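# Residue-level structure breakdown
The lines below spell out each chain.
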Amino acid sequence: MIKPSLLKFKMNPNDPCWCKSGLPYCDCHQAIDKRLNDLERVGVEVPTRPMLKNAEQIEGIRKSAVINVAVLDYVAENIHEGMSTDEIDRWVYTITKDMGGIPAPLNYEGYPKSVCTSINNQVCHGIPSKNVFLREGDIINVDCSTIRNGYFSDSSRMFVIGKTTPEKQHLVDVAKECVYKGLEQVKPWNYMGDMSHAIKTHARANGFSVVRDIGGHGCGIEFHEDPFVSYVLRKGTGMVFVPGMTFTIEPMINMGTYRIYTDRKNGWTTYTDDGKPSAQWEIQVLVTETGTEILSW
Ligand code: MF3
Ligand code: CO
């Protein structure tokens, strides 16, 4: 028996590379493939070919992210106490469309709105509503995703409405620090678990927990691609990072338990089990030859 993923067609050095870069294989993925095959043989989890984007695809994702970032910048400038989350949804829809994009969440597996707005004890996938108004002290995650010319971008930020409690402010700050601690560990040939370790260590050192059941994802050609990006793996475990991977770093950090549940009625909105607050920042990154490029933030 041969492990199916090891069964690849023999490539000659002068064949055009499978990634469709147009370059000969020997000037493109040959060396990486050799290293990946060696790692896979000793049991390391390696990316599949569709996870490795070529230059043209990366450029498409970058352009999609320009819209996503502009939308979040607009939200950052204009979000305020007393407004409804439905108003945020209308901003996202209008700006995305005006800039030539499509809001990726709209009608995605039946999702009814253009953006997710998750307040306080909502962990993610809060659905904008005309009946939900922002109040002083709320912490809210606004999660935007864009399709432009078939390419996907995805990022989210936290916003504090007015002034909040020191505890909630600390949660918001630590959740952001977690993303940057994780990002430092993303470079070719590091493991996903190296990133997880940095994130969960920082969260726990501050007395917080990391959600286990929901994570990040590959993103670019599809909205949600493999791999599943976990923030609770052990150092030196999980998938190895390789140039060309594009995925999200989006740990959900809880003030209390890591346990969560999903709203039975709408099938989307996820809450902390103990009702305590949760915070999340999300960036979309590209693994480069030397480290990372942040595509969307
Ligand atoms: N960035 C969120 C995620 O990847 C967006 C979800 S949109 C939804 O989970 F439609 F799935 F809610
Ligand atoms: Co996402």
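See the structure printed just above.
Figured I'd write up the structure that's included with this text.

Cut-offs used in this document
- Residues numbered from 1 in each chain as written.
- Chains lettered and ligands numbered in written order.
- Predicted model: local features only at pLDDT ≥ 70, side-chain atom pairs only at ≥ 80, totals over all residues.
- Heavy atoms only, no water.
- Donors = N, O, S within 2.8 Å, 3.2 Å for Na, K, Ca; no water.
- Tetrahedral: all angles 85-135°; square planar, octahedral: opposite > 155°, others 65-115°.
- Helix = DSSP H or I, 4+ residues; strand = E, 2+ residues; numbered from the N terminus.
- Buried < 20%, exposed > 50% of the residue type's maximum accessible area, 1.4 Å probe, protein only.
- Near = heavy atom within 4 Å.
- Polar contact = N/O pair within 3.5 Å; in protein donor to acceptor, adjacent residues only side chain to side chain.
- Areas by Shrake-Rupley, 256 points an atom, 1.4 Å probe, with all protein chains shown as cover.
- Nonpolar A, V, L, I, M, F, W, Y, C, P; charged D, E, K, R; others polar.
- Pairing = 2+ DSSP bridges.
- Axes fitted to C-alpha atoms, helices over the stretch in contact; angles between N-to-C directions.
- Expected span 1.5 Å × (residues − 1).
- Contact = heavy atoms within 4.5 Å.
- Left-handed = near helix turned anticlockwise from the far one by under 90°.

### Some thoughts on the coordination of the cobalt ion (ligand 2)
Within the first shell, the cobalt ion (ligand 2) binds the protein through Asp154 (OD), His217 (NE2), Glu250 (OE) and Glu282 (OE), at distances of 2.1 to 2.6 Å. Each of the 6 donor atoms bound to the cobalt ion (ligand 2) contributes to angles spanning 63 to 162 degrees, and the resulting shape is irregular. All donor residues of the cobalt ion (ligand 2) come from one chain, and their arrangement in sequence is D-x62-H-x32-E-x31-E. Of this pair, His217 sits in strand 7 (residues 216-218) while Glu250 sits in the loop between strand 9 (246-249) and strand 10 (252-254), placing them 33 residues apart in sequence. With relative accessibility at 7%, the residue His217 sits in the buried group. With relative accessibility at 5%, the residue Glu250 sits in the buried group.

### A look at the site of ligand 1
Close to ligand 1 lie 13 residues, the nearest being His125, Asp143, Asp154, His217 and His224. In the model, an oxygen atom of ligand 1 is placed 2.8 Å from a nitrogen or oxygen of the His125 side chain. Here a nitrogen atom of ligand 1 sits 2.9 Å away from a polar atom, N or O, in the side chain of Asp154. In the complex, the protein chains occlude 94% of the 330 Å² of accessible area that ligand 1 would expose alone. Residue composition of the shell around ligand 1, by class: 6 nonpolar, 4 polar and 3 charged.

### Regarding the sheet that holds strand 11 (residues 260-262)
Strand pairs in the sheet, formed through backbone hydrogen bonds, run parallel or antiparallel to each other. On the basis of which strands lie adjacent, the open sheet formed by 3 strands has the order 3-12-11 and antiparallel pairing. On the outer flanks of this sheet lie strand 3 (122-124) and strand 11, each paired with one strand and no other. On average, each strand axis in the sheet is inclined to that of its neighbour by 40 degrees, with strand direction left out of account. Pairing between strand 11 and strand 12 (residues 270-272): 3 bridges, direction antiparallel. Paired with Thr262 across the bridge in strand 12 is Thr270.

### Side note on helix 3 (residues 85-98)
For helix 3, spanning 14 residues, the distance from its first C-alpha to its last is 20 Å, which sits close to the expected 20 Å at 1.5 Å a residue. Packing partners of the buried residues in helix 3 comprise helix 2 (55-78), strand 1 (102-103), strand 2 (116-119) and strand 4 (139-148). Trailing helix 3 by a residue or two, Gly100 shows a phi angle of about 90 degrees, which is positive.

### Points about the environment of Ser155
Among the structural elements, Ser155 can be located in strand 5 (residues 151-160). Ser155 sits in the buried class, given a relative accessible area of 0%. Aside from chain neighbours lying at most four places away, what touches Ser155 is Asn68, Leu72, Val142, Asp143, Cys144, Glu282, Ile283, Ser296 and Trp297. A distance of 2.8 Å separates polar atoms of two side chains, one belonging to Ser155 and the other to Ser296.

### A short note on the packing of helix 2 against helix 3
Where helix 2 meets helix 3, the closest approach of the two axes is 10 Å, and the angle between their N-to-C directions is 145 degrees. As for how helix 2 packs across helix 3, the hand of that crossing is right-handed. Where helix 2 approaches helix 3, its residues Ile67, Val71, Tyr74, Val75 and Asn78 are matched on the opposing element by Ile88, Trp91, Val92, Ile95 and Thr96. For the contact of helix 2 with helix 3, the class distribution of residues is 8 nonpolar, 2 polar and no charged.

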